[in-house]
Each structure stands twice: as structure tokens, then as C-alpha cells.
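The chain contents come next:
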Amino acid sequence: MSDFPPVSVPEGESALTGLLTHLGQVVDVLDLDHLDRLTGEQLLTQLGQVAGVVRAGEAVLAALSAEVADRSDPARGNEGLAVKHNYQRPSHLIEVITGVSSAAASRLIRVGQRTCRRVSDAGFPLPPLFPMVGEAFRQGLIGVETAEAITRELSLAAPRAEVEHLTIAERTLVTEAVGAGWRDGLPMSADLVGIQARQWRDRLDEDGIEPNTDKAFQKRDFWIARAAKDGLVKFGGQVTVDVGAKLHALLDAVLSPKTADRYETTDPSADGAPNAAPATGAPRGPNDAGAPDIAPTSGMFGSIGGDAPTGTLADEGLAATGESGRAPDHAADEPIRARRTAGQQRADVFASMIDALARSADAPSVTGAAPTVVVTVNADVIDSGTGTGQIVGVNAPVAASTITQILCDASIIPVFIDPDGTVVALGNDQRGFNRTQRMGMIARDGPTCGMPDCQIPATGCEAHHVVPHAEGGPTHINNGVLFCWFHHRMVETGVFTVTMVNGKPKVTIAEWIRRKPYFR
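Residues numbered from 1 in each chain as written. Predicted model: local features only at pLDDT ≥ 70, side-chain atom pairs only at ≥ 80, totals over all residues. Heavy atoms only, no water.

**Regarding the sheet that holds strand β5 (residues 375-376)**
Rules: Any two strands between which DSSP finds at least two bridges are classified as paired. For the purposes of this entry, the term helix denotes a DSSP run of H or I that reaches at least four residues, the term strand denotes a run of E that reaches at least two, and both are numbered from the N terminus.
Overall, antiparallel pairing links the three strands, which are arranged β5-β6-β7 in an open sheet. Pairing within the sheet leaves two strands with one partner each, and these edge strands are β5 and β7 (397-399). Summarising the sheet, β5 and strand β6 (residues 388-391) pair through two bridges and their orientation is antiparallel. Bridged to Val375 within β6 is Ile391.

**Notes on the confidence of the model for the chain**
In low-pLDDT segments, the atomic positions of the prediction should not be examined closely. Stated precisely, the cut-off is as follows: Note: pLDDT gives the predictor's confidence per residue, expressed from 0 to 100. Throughout, a contact is declared for two residues whenever any of their heavy atoms are within 4.5 Å.
For the chain, the mean per-residue pLDDT works out to 74, and 71% of the residues sit at or above 70. Mean pLDDT across the elements of the chain bottoms out in helix α12 (residues 313-316) (37) and peaks in helix α5 (residues 102-115) (94). pLDDT under 50 marks residues 1-7. Its contacts with residues more than four places away, or in other chains, come to zero contacts. A low-confidence stretch, residues 259-338 stays under pLDDT 50, and its non-local contacts, those more than four residues away or across chains, total 198 contacts.

**Some thoughts on unusual backbone geometry**
Spelled out, the test is: The buried label goes to any residue with under 20% of its type's maximum accessible area, the exposed label to any with over 50%, and the partly exposed label to all in between, with areas taken from a 1.4 Å probe on protein chains only.
Within the chain, Asp31 stands out as a residue other than glycine whose phi angle is a positive 55°. Of note, Asp31 is situated in the loop between α1 (11-30) and α2 (40-71). Assessed through its relative accessible area of 28%, Asp31 is described here as partly exposed. Backbone geometry at Asp230 places phi at a positive 55°, although glycine is not the residue there. Within the element layout of this structure, Asp230 appears in the loop between β3 (221-224) and β4 (235-238). Its relative accessible area of 73% is what places Asp230 among the exposed residues.

**Description of the state of the cysteines**
Stated formally: The term disulfide is used for any two cysteine sulfur atoms that are within 2.5 Å.
On inspection of all chains with the given rule, the structure shows zero disulfides. Among the cysteines around Cys461, which has no disulfide bond, Cys449 carries the closest sulfur, lying 4.7 Å off.

**A short note on the environment of Arg160**
Here Arg160 shows up in the loop between α7 (144-157) and α8 (163-178). Using a relative accessible area of 52% as the deciding quantity, one classes Arg160 as exposed. Arg160 sits 44 residues away from Leu204 along the chain, and the two C-alpha atoms are 7.8 Å apart.

**A few points about the nonpolar core**
Applicable threshold: Joining through side-chain atoms within 4.5 Å is the link that ties buried Ala, Val, Leu, Ile, Met, Phe, Trp, Tyr and Cys residues into a set, and such a set is a nonpolar core.
With 31 residues, the main nonpolar core has Cys449, Met451, Ile456, Phe483 and Phe496 as its most contacted residues. Of all the secondary structure elements, the ones that give two or more residues to this core are α11 (241-255), α13 (342-359), α16 (435-445), β11 (480-483), α17 (485-492), β12 (496-501) and β13 (504-509). Counting residues per element, this core draws most heavily on α11, which supplies four residues. With 24 residues, the next largest nonpolar core counts Ile142, Leu166, Ala169 and Ala197 among its residues.

**A few points about the side chain of Thr115**
On the secondary structure map, Thr115 appears in helix α5. Residues in contact with Thr115, not counting those within four places in the same chain, are Pro128, Phe130, Val133, Gly134, Phe137, Arg138 and Thr151.

**Structural notes on the packing of α2 against α5**
The cut-off we apply is this: Only the stretch in contact is used when fitting a helix axis, every axis being a line fitted to C-alpha atoms; angles between N-to-C directions are given from 0 to 180 degrees. For classification purposes, angles smaller than 35 degrees are called roughly parallel, those larger than 145 roughly antiparallel, those between 65 and 115 roughly perpendicular, and all remaining angles oblique. Throughout, the ten residues Ala, Val, Leu, Ile, Met, Phe, Trp, Tyr, Cys and Pro are labelled nonpolar, Asp, Glu, Lys and Arg are labelled charged, and all others, Gly among them, are labelled polar.
Where α2 meets α5, the axes come as close as 7 Å, and the angle between the chain directions of the two elements is 90°. The orientation of α2 with respect to α5, classified from their angle, is roughly perpendicular. Residue-level inspection shows Glu58, Leu61, Ala62, Ser65, Ala66 and Ala69 of α2 in contact with α5, the latter providing Leu108, Ile109, Val111, Gly112 and Gln113. Taken together, the residues of the contact of α2 with α5 break down into seven nonpolar, three polar and one charged.

**Details of the pattern of salt bridges**
Our working rule: Whenever Lys or Arg places a side-chain nitrogen within 4 Å of a carboxyl oxygen from Asp or Glu, that contact is recorded as a salt bridge.
One pass over the full model with this rule turns up 13 salt bridges. Among the salt bridges present, the one from Glu145 reaches Arg107, with a minimum N-O distance of 3.9 Å. In this pair, Glu145 sits in helix α7 while Arg107 sits in helix α5, placing the two residues 38 residues apart along the sequence. The network of salt bridges with shared partners includes Arg110, Arg114, Glu148, Arg152, Glu153, Arg201 and Asp202.

**Regarding α1**
We count it as follows: The length a helix should cover is 1.5 Å for every residue beyond the first.
Over its 20 residues, α1 runs 28 Å from end to end, which matches the ideal 28 Å to within 8%, given 1.5 Å per residue. Just downstream of α1, Asp31 is the residue with a positive phi angle, here 55°.

**As for the pairing of β6**
Alternating positions in β6 separate cleanly, Gly389 and Ile391 being buried on one face and Thr388 and Gln390 remaining unburied on the opposite face. With three bridges connecting them, β6 and β7 associate as antiparallel partners. Across the sheet, Thr388 pairs through a bridge with Ala399, a residue of β7.

**Some points on the packing of aromatic side chains**
The description of two aromatic rings rests on the distance between their centres and on the angle between their planes. Just so we agree on the cut-off: Each Phe, Tyr or Trp ring, with Trp reduced to its six-membered ring, pairs with another whose centre is within 6.5 Å; inter-plane angles below 30 degrees give stacked pairs, above 60 give edge-to-face pairs, and intermediate values give tilted ones.
Using the criterion set out here, one finds two aromatic pairs in the structure. Taking the centre distance of 5.7 Å and the plane angle of 35° together, the rings of Phe222 and Phe235 count as tilted. Of the two residues, Phe222 is situated in strand β3 and Phe235 in strand β4; the sequence distance between them amounts to 13 residues. We classify Phe222 as exposed; its relative accessible area is 52%. Owing to a relative accessible area of 42%, Phe235 belongs among the partly exposed residues under this scheme. Ring centres 5.2 Å apart and planes at 20° place the aromatic pair Phe235 and Phe350 in the stacked group.

**A few points about the side chain of Thr146**
Relative to the assigned elements, Thr146 resides in helix α7. Judged by its relative accessible area of 8%, Thr146 is buried. Those residues in contact with Thr146 that lie beyond four places of it in its chain are Ala177, Ala190 and Val193.

**Quick word on the environment of Ala62**
As for its placement among the helices and strands, Ala62 is situated in helix α2. Linking Ala62 and Ser106, residues 44 residues apart in sequence, is a C-alpha distance of 9.6 Å. Apart from the residues lying within four places of it in its own chain, the contact partners of Ala62 are Leu108, Val111, Gly112 and Phe137.

Following this line, the structure appears as C-alpha cells:
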């Protein structure tokens, strides 16, 4: 028999062992493979009960994690708990023991340190930094994400805020988080609590907003990949709040279905043209009295307004339209719809913004020319409409349809190369519509995309040759119409057909679509 006394099992460990055993029995009773037998009310009730159990478990995890971090303090040296188990940081040890991510382990430590009792350097007990958050956390009323949101934001404000003000903020946030606030009985989600906590932080520490603004300014970023994947080029980044607000306002103005149309023809019977230009001297709208016939819009993207009404070509992408963009009688109630997602619509507006800025007189020049995309393609690809080309600077082939769309609104400089790759001749610039011709098309068709009801400003649109240049079509205003990037692509791929009638463009559904059974 051993001379050492038997090691007793702590009550907490014994209780947890019993809990795990009981939890397994509960899972068996719940019968997770047959949840479809539950009524809707039963399903939601059990979901809420399990969430409460999880939240209580998170509180225990946070407290235990904080204790592990305290025992792993670097001041303990080789006696630290994490070091004894061959881990440099306590979060790594917690990550291995619990199976959570490194970020989740660090969060548990932070929340535990802010919501649990502390000990002073002299060994005296201290209350938690945020006692009300800790109490709600241990009762399972809030989760670790909510506790993190409240304690993080109030900790940032604490150095310069009054203690009583911090107490009021903590009490208010906890009350709202558990559902005892102005929405009695309805707890607030962690995301909403985070928003409220940031508001309290800014009010408690108004002097701290400016340093945060400076940090945000330094973190602004934008990146774009050089290599394309599956025909797409990825980009991303982050901007300051004022720039983001401007971008939101711009997108909302172009895409909002509630924005009034900016343009009305003065002659409803004028050939049915949806964007016909007003008579000389006639006002263009309630805000444009006295505007000249050819008026370059302000800024690089023009005065933004108008809409992309639901059910129209602007947001459906494809609708059954007859001449002048109106549905023929036999299909008036059955439009063809190929909806664009909200993300696709924003991407199309962004494409138009790029076009508008590139053509702006304020855009910087490169070797005396506006910003230029160089496309290299063999002549037979242009003639046949099949094959691929290359955009200089993008390491991926480009389809013939994309090249056709680019060349429709571009200048071409023929370069003749011998089999050895030597340039033997250089042709002249041709094909592209100039600024004056674009202004003429805007005066004729209105300040927006030539597709009926599309509200993308014409200053951000691409010029389309009605009769293709390759087929002898002239680069003349009577053979041109401005389309946004998306609708230009729809025309180039044959979804819509454009013709000039009495000097004005008319858009119709392509004949091959009219013959489809679903169209009739």
C-alpha cells in the first residue's frame, strides 16, 4: 500500500463529469436525427434552451482560461503553466486543450480577465472590472461575443471617463443585451450590442475619436490582383468612413428604386424614344430649368440621380421589350427576367465609374494620352469573332466577346508584326468616338444609358457602334449610342438589337429570343 494519501477528486471536476454524462443522455433524448418531428414552437424553445447552456459553458471556459493565463504569466518563468507543457503562450495551450481557434482562445482569456475577480500585487482580492457583465455572463444571459463587445469598448473609454459614467454605460448595455431594456423580453444580438457599445465609448471619451480617426486614415488600403482567375480580377480594401459614405450615396442614387426619373421627354409622341433630347431651350426637369442642350454634367460622374426600377431593364438585365424598350403586346405581361444581384449591380456601377474617370479631363495622362488599356489580338480573331486575345498587364487570356466590347469603344492602332516578332509597320489611330461626339449623343438620347430605364449616367457609359466598325460602320454620331458596361455587353452578345430610326436609337429584343416558347 502506498505511503501517500489518496488524491481526492475536486467537487468541480466531479460535477462536470456528471454534467457531461447527463448531457449525453439529453442529446439522446433530443434525437437530433428526427428534429423534423418538432413543432415550430418546440424547435425554437429547445434552440433557446441549448443557447443558454452554451452561454453558461462559455462563462466557465472564460473563467478557466483567465486562470490558465494568470498561471502562465511570464514572471513565473519556467514554472508557468504553459511553459511546463511546452507552449510559449497560454492561448496556445487553451487552443490544444479545448479545440477552439487561436482567436477564440485569446477572446476567452480577455473576457475572463475582465469579468472575474482579480488579485492585487499584494495578494488582496479585487472586484471584477465589469461586475454586471460578469454576473449576466455566469447566469447564461449573454454570450462571450456580447461580453467581449461591451468590455472591449468600455475598456477603451475607461482611462478618460468618469467611473459613474462607466457604471451607467455597463448597466445600460447589459440590460439591453439580456432583453430587459426598451425591447422588453427581446435580447439584443451581439452585433447590435457592439454598435451600442461603440456609441457609448465615443460619448464617454470624445477626445479618443480623433486618434482613432488618424489610425483609420493610416490603415486605408486598396489592392487589385494582376492575375485573373476564371475571367475575374479580385480587388478589395478599406476606406475611411467619409469616403465610404460618399460611395454608398452614389450607389444608392443610381440603384435606388425610389429615386425619381431625372429625365422626361418633352414630346411623348416623339418616335417613342425613351431618352429623346428636349427641344432647344426647353427645361430638362424641375431642377434643370434653362439648362443648355449639351451640358457636360458636373464632376467626373455627373449629377447622380434616377433609379433602376424593379422589373425594368436596369435591374433585370433582360426583359421582354419591343421597340423603344416597350414589351410587345403579346408578351406585355410575361417579361423575360435575368436578374442581377445587388452585388452585380454595384459592380456594374463601379465599372461605369472607372470609365467616367478615365475619360475625365481631370484624369492624369500617361505619355500625353488618357489612361489606356492595351489589348493585343490577331486580326483573324477580330474578323471571326472567336478565339482569344491578351490585355497587357493581365496574365490571362481574354475571350473574343470581351475584346469585341472593348474595341467597340476604343481606338485601334494596327501593328504589323513579322513571324519573327519584329514590328514592320504601325498604322494610325482610328475607330474611337471623341468627346464632342459623346456630348452630341448625350444631347440626343439624354444623360443616362441608352437602355430604357437604366439610370447609369451617360458620362460613365461606353460608345457602341450600331453598325459594327468591322462591317464598315462609321464612327459618327448617327451610328453611335451610349450604353453602360452591362447593357453594352448585352448588346454585343446579341441579347438586344439596336437600330437607328429617324436618327435615334431603338432597342429591341433579339429575334432569336422572341422565338423562344417562354417569350411567347
